[in-house]
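# Examining the three-dimensional arrangement
What follows is the residue order along each chain.
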Amino acid sequence: MKKTTTKLADGRELLYFDGDDAALRDSTDLRPLEPTASLSEIRRDPVTGDWVTVAAHRQGRTYHPPADECPLCPSRDGRLSEIPAAEYQVAVFENRFPSLAADAARVTGRDHPLAGSGPGTGRCEVVCFTSDHELSFADLSEPQARLVLDAWTDRTAELSALPGVRQVYCFENRGAEIGVTLAHPHGQIYAFPFVTPRTARAVEQAGRHRERTGRNLFEDLLAAERADPARVVLAGEHWTAFVPFAARWPYEVHLYPNRRVPDLTRLTEAERAEFPRLYLELLRRFDRLFIEPGHNEHAAPTPYIAAWHQAPALGGDELALHLELFTIRRTVGKLKFLAGVESGMDAFVNDVSPEAAAQRLREVAS
């Protein structure tokens, strides 16, 4: 893999990742851009202890542009985009409308004892999986998917080393139903100045399990799923995909390396080599979930969120790297909306049994 680093017209960093070490990336951003400014701050909820990011400047970000004005496509035919090159394999750049940024202004004038706050320092990056606007991640070849994995790994290593960063989160939102505002195949990376609420709860649970059993929670969890394959969807030499016992979403799959590691940087070459085949197969199965034999062959692609869970910089020794893939679609033409109990109380009600979901995901294998 070759990484080329350059700057956009407003000073934001842009990185190209190429599978060919001989690739040349000498492109200049010709747009007349003003330097970006972040007004983000973080505020602590005094009731839950969770941090909330307030980023009011994001209201003006690009929203559902037509395909010929996509800011993530290459710069071609006189049209300038966020990617100055005429083509690329994988491109990563600092978000123009970041929720978190290194230069976030420090908050002043807050002296109430319950008004815990601070600057929204960190970093938000956009990861473009391919220059082809019409593709999705599931359409990539295994070498292309491997290059994305290498980019995720590189960014995890570099962002984790930034001052004040506590957790790095790589993810993809796919589909308008999820809330995606740009149709080009892409994901994002957040470098948080705090440990996210979901991860903080996992750290607490893992600690309790260690105190109670003397063992690691995630190792025991994976061993239990592999021992009883009712919810196992796909298994390789180095990775296992299964529907969790208490799945919250109608179709939810967790993909774990069989050897516990805290983050992407700790994977071996054998684990990296196997990942693309299994992950691409999972994504393609998701796209076949709601296609009924004999009709509906042209159903809209399944909307999903793919989320990498990695250990935080401090206090995460018990956690295990894994990817959580889930869709909000529960059946043909119907979505799983977060209603009163989910949105109001964070108490999920699942319309599909995890065992039935796993069976369906096995049925739609390639």
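### Section: the sheet that holds strand E3 (residues 41–44)
Spatial strand order, E4-E3-E6: 3 strands in an open sheet with antiparallel pairing. Either end of the sheet is taken by a strand with one partner, and the two such strands are strand E4 (51–54) and strand E6 (117–119). Pairs of neighbouring strands in the sheet enclose a mean axial angle of 25°, with direction left out of account.

### Notes on the packing of helix H1 (residues 142–160) against helix H4 (residues 269–288)
Direction vectors running N to C along H1 and H4 enclose 120°, while the axes themselves pass 9 Å from each other. Of the possible angle classes, the one that applies to H1 and H4 is oblique. The handedness of the crossing between H1 and H4 is right-handed. Mapping the contact onto sequence places Glu142, Ala145, Arg146, Leu149, Trp152 and Thr153 in H1 and Glu269, Arg272, Ala273, Phe275, Pro276, Arg277, Tyr279 and Leu280 in H4. Here the residues of the contact of H1 with H4 are counted per class, giving 8 nonpolar, 1 polar and 5 charged.

### Structural notes on the sheet that holds strand E5 (residues 90–94)
Taken in spatial order, the 11 strands make up an open sheet running E1-E2-E5-E7-E9-E8-E13-E14-E12-E11-E10, and their pairing is antiparallel. Every interior strand has two partners, whereas the edge strands, strand E1 (2–7) and strand E10 (232–235), have only one. Averaged over neighbouring strand pairs, the angle between their axes works out to 20° when direction is ignored. The sheet contact formed by E5 and strand E7 (residues 123–128) spans 4 bridges and is antiparallel. Across the sheet, Ala91 pairs through a bridge with Cys128, a residue of E7. Running at roughly 140° to strand E2 (residues 13–18), H1 makes contact with E1, E2, E5, E7, strand E8 (167–174), strand E9 (186–192) and strand E13 (304–309) of the sheet.

### A look at the pattern of salt bridges
Tallied over the entire structure, the rule returns 32 salt bridges. Arg25 is paired through a salt bridge with Asp18; the nearest N and O atoms lie 2.7 Å apart. A salt bridge links Arg360 to Glu363, with the nearest nitrogen and oxygen atoms 3.6 Å apart. Of the two residues, Arg360 and Glu363 both sit in helix H6 (residues 354–363), 3 residues apart, roughly one turn of that helix. Sharing partners across several salt bridges, the network here consists of Lys3, Glu13, Glu94, Arg123, Glu125, Asp154, Arg155 and Glu158.

### What about the environment of Gly340?
Here Gly340 is to be found in helix H5 (residues 340–345). Along the primary structure Gly340 and Arg146 are separated by 194 residues, whereas in three dimensions their C-alpha atoms are 40 Å apart.

### Some points on the nonpolar core
Membership of the largest hydrophobic core comes to 52 residues, with the highest contact counts inside it found for Phe137, Trp152, Tyr279 and Trp308. Apart from the residues within four sequence positions on either side, Tyr279 is in contact with Phe137, Trp152, Glu172, Leu255, Ala306 and Leu323. Leu14, Tyr16, Tyr88 and Val126 belong to the second-largest nonpolar core, a separate cluster that totals 14 residues.

### Let's talk about the pairing of E5
Of all 5 residues in E5, 4 are buried; the element is thus mostly enclosed. Two elements, E2 and E5, share 4 bridges in a ladder whose sense is antiparallel. Each residue of the ladder has a partner; that of Leu15, found in E5, is Val92.

Parameters at a glance
- Residues numbered from 1 in each chain as written.
- Predicted model: local features only at pLDDT ≥ 70, side-chain atom pairs only at ≥ 80, totals over all residues.
- Heavy atoms only, no water.
- Pairing = 2+ DSSP bridges.
- Helix = DSSP H or I, 4+ residues; strand = E, 2+ residues; numbered from the N terminus.
- Axes fitted to C-alpha atoms, helices over the stretch in contact; angles between N-to-C directions.
- Parallel < 35°, antiparallel > 145°, perpendicular 65-115°, else oblique.
- Left-handed = near helix turned anticlockwise from the far one by under 90°.
- Contact = heavy atoms within 4.5 Å.
- Nonpolar A, V, L, I, M, F, W, Y, C, P; charged D, E, K, R; others polar.
- Salt bridge = Lys/Arg side-chain N within 4 Å of Asp/Glu carboxyl O.
- Core = buried A, V, L, I, M, F, W, Y, C linked by side-chain atoms within 4.5 Å.
- Buried < 20%, exposed > 50% of the residue type's maximum accessible area, 1.4 Å probe, protein only.

Interpretation in functional terms is not warranted from these geometric data alone.
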